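Fold and geometry: a report
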Amino acid sequence: MGFRRRPGPARDENFKRTPCPFSRAASEKTRGVHLVQKLLKCRMRMWFRRRVPSPADGAAQSRAAFARRYQEVCAACLLLEPGSQIPASKLAADYMTGVLNGEPSAEWWRTNEIYCAQPWFIWEYCLSRGLVSPPEPAAPENPYHVIHPPSQDHGGVALIRLSRDALLPGEGILCVEANSADDGLAALLRAQGLRPMGERFLRKIGERAAPLFDRAVQVACALLEGGYAVGVTEPALKSAILSGQYAPEHLYWVLPLSQPERLRLVYPHNPRLHDYICQAGGRWNGQYTEISIVHADRLEDLMRVYDFRATKEARRRLDAWQEAVRQASIYRSRHRADHKRELTREDLFRRILLRPAAVIEDLRETDD
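I will try to describe carefully the structure that is included in this document. (Residues numbered from 1 in each chain as written. Predicted model: local features only at pLDDT ≥ 70, side-chain atom pairs only at ≥ 80, totals over all residues. Heavy atoms only, no water.)

Secondary structure assignment for the chain yields 13 helices and eleven strands. Here the chain holds 368 residues, and 28% of them are scored as buried. Here the analysis covers contacts within the chain between residues at least 6 apart in sequence; of these, 61% occur between residues at least 24 apart. By element, 54% of the accessible surface of the chain is carried by carbon and sulfur atoms, the whole surface being about 27,200 Å². (Helix = DSSP H or I, 4+ residues; strand = E, 2+ residues; numbered from the N terminus. Buried < 20%, exposed > 50% of the residue type's maximum accessible area, 1.4 Å probe, protein only. Contact = heavy atoms within 4.5 Å. Areas by Shrake-Rupley, 256 points an atom, 1.4 Å probe, with all protein chains shown as cover.)

In structure tokens:
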């Protein structure tokens, strides 16, 4: 008869056995809890690091950065010293003290932080806070200067304006406005190269007619000699008109054409000069005188004798042709030098074999 186990109480399915603290299951569970805790701590640290700073923190950082820009502020105050009549060091100290103590708003720093060291911002801020006194307004200067001819035969004033090119100050637009434009004034301005454009007369001053300042003085002198009063807006222009000194417009030019190998000649009517140009290779095509670039040497001689000027593009073409001719001369000289080589022994031997045989004088037959 065998041993039988005594039946125990009925086992509850919902009952959870407590594992032994030294068992494998207990150690794995404890390790998982520790890992979860470490993960939560890491996430908390990352959250604290990435949290959005408050506006107060941003304003504090901006004030600290501004306090380190003392030298920039002093340099800007040096420019304001003549107008403010305050030493630059004192003005910089008052300005920075007022900004650091009187501007706690983060919105103000976000808007004006990049301008805090600019002279114009420092001046406006100091004026608004009463740190400097506003300058006394000067008497308004009359922007117009009117010049009357010795005997004014016509009423009204012709106003001359200059619109200079930003890249080429010597070129631009010459504009003349007159409140009473009669036929005589229109004819006089057309003779100076201006064309009517509504109520104004305009002329574009390019490379050939430059400089613009001298052309304005030339037009003003022509108007004064015709009995018209002249108005200008530049004091330097007024002084030049009263002195009557200006460089006359140059009339002899070499211009480029659409074809790279052709050049155009512009000059006043001169039959003798026209004959010289035709002898140099030029010709009249029915509209203007043109010449080929291959006659550059003769053209350069004409330019020196009659004071022709070439535009930038025309000069570039002439220089390019001269360089091409120079390179071609060097190439030809090298090509001829290649054929001149030293004679070898074989060449000398062939020459000896091909020369006619000579008879010794003792063997020659004589009639005697």
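The structure having been displayed, the exposition proceeds.
A water-sized probe rolled over the atoms picks out the places where empty space is left. Considering all chains together, one arrives at one cavity of 30 Å³ or more under this definition. Lining the largest cavity, in full, are Gly155, Gly156, Val157, Ala158, Ala178, Asn179, Ser180, Leu185, Tyr228 and Ala229. Classifying every residue of the lining of the largest cavity by side-chain character gives six nonpolar, four polar and no charged. (1 Å grid on protein atoms, 1.4 Å probe; cavity = no way out; pocket = protein on both sides within 12 Å on 5 of 7 lines; lining within 4 Å. Points joined across faces, edges and corners; volume = space filled by probe spheres on them. Nonpolar A, V, L, I, M, F, W, Y, C, P; charged D, E, K, R; others polar.)

In this section: the sheet that holds strand 11 (residues 309-310). Taking strand neighbours across the sheet as the criterion, the five strands line up as 9-10-8-7-11 in an open arrangement whose pairing is mixed. The open sheet terminates on both sides in strands that have one partner only, identified here as strand 9 (283-284) and strand 11. Alignment of strand 7 (residues 253-256) against strand 8 (residues 262-266), held across four bridges, turns out to be antiparallel. Residue pairing for strand 8: Trp253 is matched across the bridge by Val266. (Pairing = 2+ DSSP bridges.)

In this fold, Ile160 is placed in strand 2 (residues 157-164). Taking the C-alpha atoms as reference, Ile160 lies 8.8 Å from Val219; in sequence the two are 59 residues apart. Here Ile160 is in contact with Leu174, Cys175, Val176, Ala216, Ala220, Leu223, Val230, Gly231, Val232 and Thr233, once residues within four sequence places are set aside.

Moving on, we get to the pattern of salt bridges. By the definition in use, this model includes 13 salt bridges. Three or more residues are tied together by salt bridges with common partners; here these are Arg262, Arg283 and Glu290. (Salt bridge = Lys/Arg side-chain N within 4 Å of Asp/Glu carboxyl O.)

This part is about the layout of surface pockets. Looking at the largest pocket, its volume works out to about 160 Å³. Residue lining of the largest pocket: Arg203, Lys204, Gly206, Arg208, Ala209, Glu249, His250, Leu251, Trp253, Val266, Tyr267 and Pro268, and that is the complete set. Among the residues forming the lining of the largest pocket, the class breakdown is six nonpolar, two polar and four charged.

Here we come to the sheet that holds strand 6 (residues 229-232). If you trace the six strands from one edge of the open sheet to the other, you get 1-6-2-3-5-4, paired in mixed fashion. Where the open sheet ends on each side, the last strands, each with one partner, are strand 1 (145-147) and strand 4 (195-197). In this sheet, adjacent strand axes meet at a mean angle of 30 degrees when their direction is disregarded. Helix-sheet contacts for helix 8 (residues 212-225) involve strand 1, strand 2, strand 3 (172-178), strand 5 (200-205) and strand 6, and the interaxial angle to strand 2 is about 170 degrees. (Axes fitted to C-alpha atoms, helices over the stretch in contact; angles between N-to-C directions.)

Judged by how many residues are buried, strand 8 sits mostly within the fold: four of five residues are covered. Counting the residues that bridge the hairpin from strand 7 to strand 8 gives five residues.

The amide bond that connects Ala210 to the next residue, Pro211, takes the cis arrangement and shows omega of 10 degrees. One can find Pro211 in the loop between strand 5 and helix 8. Unlike most non-glycine residues, Asp307 shows phi in positive territory, near 60 degrees.

Attention now goes to the pairing of strand 6. Both faces of strand 6 are covered, namely the face carrying Ala229 and Gly231 and the face carrying Val230 and Val232. Pairing analysis gives three bridges linking strand 1 to strand 6, with the strands arranged antiparallel. Looking at strand 6, one finds that His145 is bridged to Val232. As judged from the three bridges shared by strand 2 and strand 6, these two strands associate in the parallel manner. Each residue of the ladder has a partner; that of Leu159, found in strand 6, is Gly231.

The next thing to look at is the packing of aromatic side chains. Scanning all chains against the criterion turns up twelve aromatic pairs. Geometrically, the ring pair formed by Tyr115 and Trp120 is tilted, given 5.5 Å between the ring centres and 55 degrees between the ring planes. Classification of Trp120 by relative accessible area gives partly exposed; the value is 43%. (Phe/Tyr/Trp six-rings, centres within 6.5 Å; stacked < 30°, edge-to-face > 60°.)

In this section: the environment of Arg203. Looking at where Arg203 falls in the secondary structure, it is placed in strand 5. Once the C-alpha coordinates of Arg203 and Cys175 are considered, the two residues, 28 residues apart in sequence, prove to be 6.7 Å apart. If sequence neighbours within four positions are ignored, Arg203 has contacts with Gly172, Ile173, Leu174, Gln192, Gly193, Leu194, Ala209, Arg215 and Glu249. Within the local environment of Arg203, its side chain forms a polar contact with the backbone oxygen of Gln192, the two atoms lying 3.1 Å apart. (Polar contact = N/O pair within 3.5 Å; in protein donor to acceptor, adjacent residues only side chain to side chain.)

Another point: the packing of helix 3 (residues 70-84) against helix 4 (residues 88-102). Helix packing for two helices is described by the angle between their axes and how far apart those axes are. Between helix 3 and helix 4, whose axes approach to 8 Å, the crossing angle comes to 120 degrees. In terms of orientation, helix 3 and helix 4 fall into the oblique class. In the packing of helix 3 onto helix 4, the handedness of the crossing is right-handed. For the pair formed by helix 3 and helix 4, the contact residues are Tyr70, Val73, Cys74, Cys77, Leu78, Leu80, Glu81 and Ser84 on the first element and Ala88, Ser89, Leu91, Ala92, Tyr95 and Met96 on the second. Classifying every residue of the contact of helix 3 with helix 4 by side-chain character gives eleven nonpolar, two polar and one charged. (Parallel < 35°, antiparallel > 145°, perpendicular 65-115°, else oblique. Left-handed = near helix turned anticlockwise from the far one by under 90°.)

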